[in-house]
Amino acid sequence: MSDYEFIRYEPVEDSEVALITLNRPEKRNAISSPLAVELADAFRRFDASDAFVAILAGAGRAFTAGMDVLENMAAGRTVMAAPDLGDSYNPFHPGRAVDDGSPGVRHARSLRKVVIAAVHGYVFGGGFIMAMAADLCVAAESATFEFSEVYRGMAVGWDMGYLYRFPRNVSMELALGLRMGARRAYELGLVNRVVPDDELLPAAIDLARQVCGMPRAAVTANRELVDSLIPTIPEQVAAHA
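In this text the structure is predicted, and so the values were computed from the model without any measurement. (Residues numbered from 1 in each chain as written. Predicted model: local features only at pLDDT ≥ 70, side-chain atom pairs only at ≥ 80, totals over all residues. Heavy atoms only, no water.)

Colleague: Would you mind showing me how to read the sheet that holds strand β6 (residues 114-119) here?
Modeller: The pairing of strands in a sheet happens through backbone hydrogen bonds and is either parallel or antiparallel. Taken in spatial order, the six strands of this open sheet run β1-β2-β3-β6-β8-β11, and their pairing is mixed. Strand pairing shows two members of the sheet lacking a second neighbour, β1 (7-11) and β11 (193-195), which therefore form its edges. Taking each pair of neighbouring strands and ignoring which way they run, the sheet shows an average axis angle of 20°. For β6 and strand β8 (residues 136-140), the ladder comprises four bridges, and the chain directions are parallel. Bridge pairing in β8 links alanine 117 to cysteine 137. (Pairing = 2+ DSSP bridges. Helix = DSSP H or I, 4+ residues; strand = E, 2+ residues; numbered from the N terminus. Axes fitted to C-alpha atoms, helices over the stretch in contact; angles between N-to-C directions.)

So, in structure tokens, the structure goes:
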């Protein structure tokens, strides 16, 4: 059911749901350039399909350990960054380019469908960002969230803007590299459900089916309304990224 090396793409039977799985388990699904290219293509495939909800999950013992450290270090970066895909933007994150006058190029999500992150094990760095970029997040009890860049002497990546959306003390907890368990993340409102590990995918699929059962136009309009209410990253902060 999959045409990829590092991604599995599987329609969920008898539903309008697609399961997209990061499939580099021997590297804890670290996000390398080849994986990122395939992920972008998988979401374009989802966008063009009849499916309305995508579930993003990870194979093996982790959702993802984040951006590929060796690849970033080889590029001499001081901030962990997603691979540069040129015009091959992922319609889930970041999507189309936006010129809002801020330094550099900002990208806004272009996908109008719903994405649910189903996370377990390590949800680190870029994986944490993807989980927060999803519309809903279901976490297994084993899920551990962390901006692991701190331990490698790197900045978290202020240009992503997610720390700006949280209360200051929560942002500080994450910016200092402190790990956060699934229950703590749920208490802070970062995830929608916490379930036993063996119930993760069934719970995510059940949630996806609930969304698919709602009036499509209302769901699309309301998710876009929520997105429009999320503050964008201030120009002064982006300048430091």
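Colleague: I'm lost on the packing of aromatic side chains in this one. Help?
Modeller: Two descriptors summarise a pair of aromatic rings, namely the distance from one centre to the other and the angle between the planes of the rings. All told, the structure shown has four aromatic pairs when counted by the stated rule. Here the aromatic rings of tyrosine 122 and phenylalanine 124 are separated by 4.5 Å at their centres, their planes lie at 20°, and the arrangement is stacked. When its relative accessible area of 26% is taken as the criterion, tyrosine 122 is described as partly exposed. With a relative accessible area of 6%, phenylalanine 124 lands in the buried category. Here the aromatic rings of phenylalanine 128 and phenylalanine 147 are separated by 4.8 Å at their centres, their planes lie at 20°, and the arrangement is stacked. Residue phenylalanine 128 is located in helix α3 (residues 126-133), and its partner phenylalanine 147 is located in the loop between β9 (144-146) and α4 (162-165); the two are separated by 19 residues in the primary sequence. We note lysine 113 situated over the ring of phenylalanine 46; from NZ or CZ to the ring centre the distance is 5.0 Å. (Phe/Tyr/Trp six-rings, centres within 6.5 Å; stacked < 30°, edge-to-face > 60°. Buried < 20%, exposed > 50% of the residue type's maximum accessible area, 1.4 Å probe, protein only. Lys NZ or Arg CZ within 6 Å of the ring centre and 35° of its normal.)

Colleague: What's the story with the pattern of salt bridges in this structure? I'm lost.
Modeller: When the charged atoms of two side chains lie near each other, side chains of opposite charge can form a pair. With the rule as written, the count across this model stands at ten salt bridges. We note a salt bridge from glutamate 10 to arginine 8, for which the minimum N-O separation is 3.7 Å. Using a relative accessible area of 27% as the deciding quantity, one classes glutamate 10 as partly exposed. Across the pair aspartate 41 and arginine 44 runs a salt bridge whose closest N-O atoms are separated by 3.7 Å. With aspartate 41 and arginine 44 both in helix α1 (residues 33-48), this residue pair falls three residues apart, about one helical turn. Given a relative accessible area of 33%, arginine 44 falls into the partly exposed group. Salt bridges sharing partners connect three or more residues here, namely Asp135, Arg223 and Asp227. (Salt bridge = Lys/Arg side-chain N within 4 Å of Asp/Glu carboxyl O.)

Interpretation note: all reported values are geometric properties and have no functional meaning in isolation.
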